[in-house]
Amino acid sequence: MFDSVDDVSTRLAETGYLASPAVATTVFLADRLGKPLLVEGPAGVGKTELAKAVAAVAGARLIRLQCYEGVDESRALYEWNHAKQLLRISAGRDESWDETRTDIFAEEFLLPRPLLTAIRGDDPKVLLIDETDKADVEVEGLLLEVLGDFQVTVPELGTVTATRRPFVVLTSNATRELSEALRRRCLFLHIGFPDAELERRIVRLRVPGIETALAESVVRVVGALRAMDLRKVPSVAETIDWARTLLALGAGTLDETVVRDSLGVVLKHQDDIQKAAAKLDLDAL
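Description of the structure in this document.

About the thresholds
- Residues numbered from 1 in each chain as written.
- Predicted model: local features only at pLDDT ≥ 70, side-chain atom pairs only at ≥ 80, totals over all residues.
- Heavy atoms only, no water.
- Helix = DSSP H or I, 4+ residues; strand = E, 2+ residues; numbered from the N terminus.
- Rg over C-alpha atoms; globule rule 2.2 N^0.38 Å.
- Buried < 20%, exposed > 50% of the residue type's maximum accessible area, 1.4 Å probe, protein only.
- Contact = heavy atoms within 4.5 Å.
- Areas by Shrake-Rupley, 256 points an atom, 1.4 Å probe, with all protein chains shown as cover.
- Lys, Arg positive; Asp, Glu negative; His and termini not counted.
- Charge placed at Lys NZ, Arg CZ, Asp CG, Glu CD.
- Phe/Tyr/Trp six-rings, centres within 6.5 Å; stacked < 30°, edge-to-face > 60°.
- Lys NZ or Arg CZ within 6 Å of the ring centre and 35° of its normal.
- Expected span 1.5 Å × (residues − 1).
- Salt bridge = Lys/Arg side-chain N within 4 Å of Asp/Glu carboxyl O.
- Arc of directions from axis to C-beta.
- Pairing = 2+ DSSP bridges.
- Axes fitted to C-alpha atoms, helices over the stretch in contact; angles between N-to-C directions.
- Polar contact = N/O pair within 3.5 Å; in protein donor to acceptor, adjacent residues only side chain to side chain.
- Disulfide = S-S within 2.5 Å.

Here we come to the overall build of the protein. Secondary structure summary: the protein contains 14 helices and nine strands in total. In terms of overall size, the protein is more extended than a compact globule, its C-alpha atoms giving a radius of gyration of 24 Å where 285 residues would be expected to give roughly 19 Å. Based on the C-alpha atoms only, the size of the protein along its principal axes is roughly 85 × 45 × 35 Å. Residue burial in the protein is summarised as follows: out of 285 residues, 45% are buried. Considering only contacts within the protein whose residues lie at least 6 apart along the sequence, 74% involve residues at least 24 apart. For the protein, the accessible area works out to roughly 14,300 Å², and carbon and sulfur atoms hold 50% of it. Distance from the positive charge centre (35 side chains) to the negative charge centre (46 side chains) of the protein: 1 Å.

Okay, here's the thing in structure tokens:
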């Protein structure tokens, strides 16, 4: 999909995703080597958006598996359309079981889920396995087969092997340690909070019309908030939301009144808001 690291940066920027050199390099290598990309980092730093941006620049279909506690093979891989199978069985009352069984476990009755969908067909796809760390450990065994050989075994139909490998992105907030076997199959990328210069560029790009001085002030204040001992430090997504809020309020500068009235946009716990209000010194920033 990409000719060089610079090509990654340029094309992602065209979709509104400003990639650091480390991000651009790892995306290029994942594409060139055909390896899944495991992206870790705090919530709201652009892990999911990276997969969406890659899909956009590649003209690929984005297939998303949202992980959660209790997600199983039927939700991730495939399941059978039981209602349709029962109708078929009812319609063939005079047939033998061997005849009926051959029919009801055919392609017509298969409901492919994200993992199976991603490896079937020749069209370009980006497979996003989002918040992998929230899935149960048993799901990782399923991922090992899919990501190791890019194939899936459906006992009734046989093995389905990808004719065109999807670009795979797994995201994790590191709430659970992923297995070494899964990590070994992936290239690893950690996305942390961007430096001030990159975050200013992101704000200017994602919040059209914001003045340079206000964007710089927002980034400085968010940086100060991240340095505090908070329950949840603000993410890049919340920096953008705050900038949009200030623009909607018609605020040209950040003063104590504006900050106090809008802190709920960037901080999500009352004790964090109280701590920030007590410690934040705008004059020193």
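Turning next to the packing of aromatic side chains. In this structure the tally under the stated criterion is one aromatic pair. Both rings, one in Tyr78 and one in Trp80, keep their centres 6.3 Å apart while their planes meet at 80°; by these two values the pair is edge-to-face. A relative accessible area of 9% places Tyr78 in the buried class. Looking at Lys84, its charged tip hangs above the ring of Phe109, at a distance of 5.7 Å from the centre.

With that settled, the discussion passes to helix α3 (residues 47-58). The end-to-end C-alpha distance of α3 is 17 Å, a good match for the 16 Å that 12 residues give at a rise of 1.5 Å each. Where α3 is concerned, the buried positions are Lys47, Thr48, Leu50, Ala51, Ala53, Val54, Ala55 and Val57. Within two residues after α3, Gly59 carries a phi angle of roughly 65°, on the positive side.

The subject of this paragraph is the pattern of salt bridges. What the rule picks out here adds up to 17 salt bridges. Between Arg64 and Asp130 there is a salt bridge; the shortest N-O distance is 2.6 Å. Here Arg64 is found in strand β2 (residues 61-66), whereas its partner Asp130 is found in strand β5 (residues 125-130), with 66 residues between them in sequence. Of the residues examined, Arg64 reaches a relative accessible area of 39% and is grouped as partly exposed. Ionic pairing is found between Lys125 and Asp123, a salt bridge with its closest N-O pair at 2.9 Å. Under the relative-accessibility criterion, Asp123 is labelled partly exposed at 30%. Each of Glu40, Glu177 and Arg183 takes part in a single network of salt bridges with overlapping partners.

Assignment of secondary structure puts Gly223 in helix α11 (residues 212-226). Between the C-alpha atom of Gly223 and that of Ala196, which follows or precedes it by 27 residues, the distance is 7.8 Å.

Take helix α1 (residues 5-14) next. Listing the buried residues of α1 in full gives Asp7, Val8 and Leu12. Angularly, the buried residues of α1 cover 120° about the axis, an arc narrow enough to put them on a single face. The exposed residues of α1 that point more than 90 degrees off its buried face are Asp6 and Glu14. Turning to α1, the residues buried within the fold contact α2 (21-33) and α3. Among the residues trailing α1, Gly16 stands out with phi positive, at a value near 95°.

It is worth spelling out the sheet that holds β5 at this point. Pairing within the open sheet is parallel, and its five strands lie in the order β2-β5-β8-β1-β9. Every interior strand has two partners, whereas the edge strands, β2 and β9 (187-190), have only one. Between one strand axis and the next, the sheet turns through 20° on average, direction left out of account.

Topologically, Asp133 is positioned in the loop between β5 and α8 (137-149). Despite being buried, Asp133 has no salt bridge partner; Lys134 is the closest side chain of opposite charge, sitting 6.9 Å away. A distance of 3.3 Å separates the side chain of Asp133 from the backbone nitrogen of Asn173, its partner in a polar contact. With residues near it in sequence (within four places) discarded, Asp133 still touches Thr171, Ser172, Asn173, Ala174, Thr175, Arg176 and Leu178.

In this structure the tally under the stated criterion is zero disulfides. Between Cys186, a cysteine without a disulfide, and Cys67, which holds the nearest cysteine sulfur, the sulfur-to-sulfur distance is 12 Å. Residue Cys186 is classed as buried on the basis of its relative accessible area of 9%.

This paragraph deals with the pairing of β5. With six of its six residues buried, β5 lies for the most part within the structure. Because side chains alternate across β5, one face comprises the buried residues Lys125, Leu127 and Ile129, and the other comprises Val126, Leu128 and Asp130, equally buried. Sheet topology note: the β2/β5 ladder contains six bridges and is parallel. Looking at the pairing, Ile63 lines up with Leu127 of β5. Two strands pair when backbone bridges link them, and β5 and strand β8 (residues 167-172) are joined in this way by four bridges, in the parallel orientation. Looking at β8, one finds that Leu128 is bridged to Val169.

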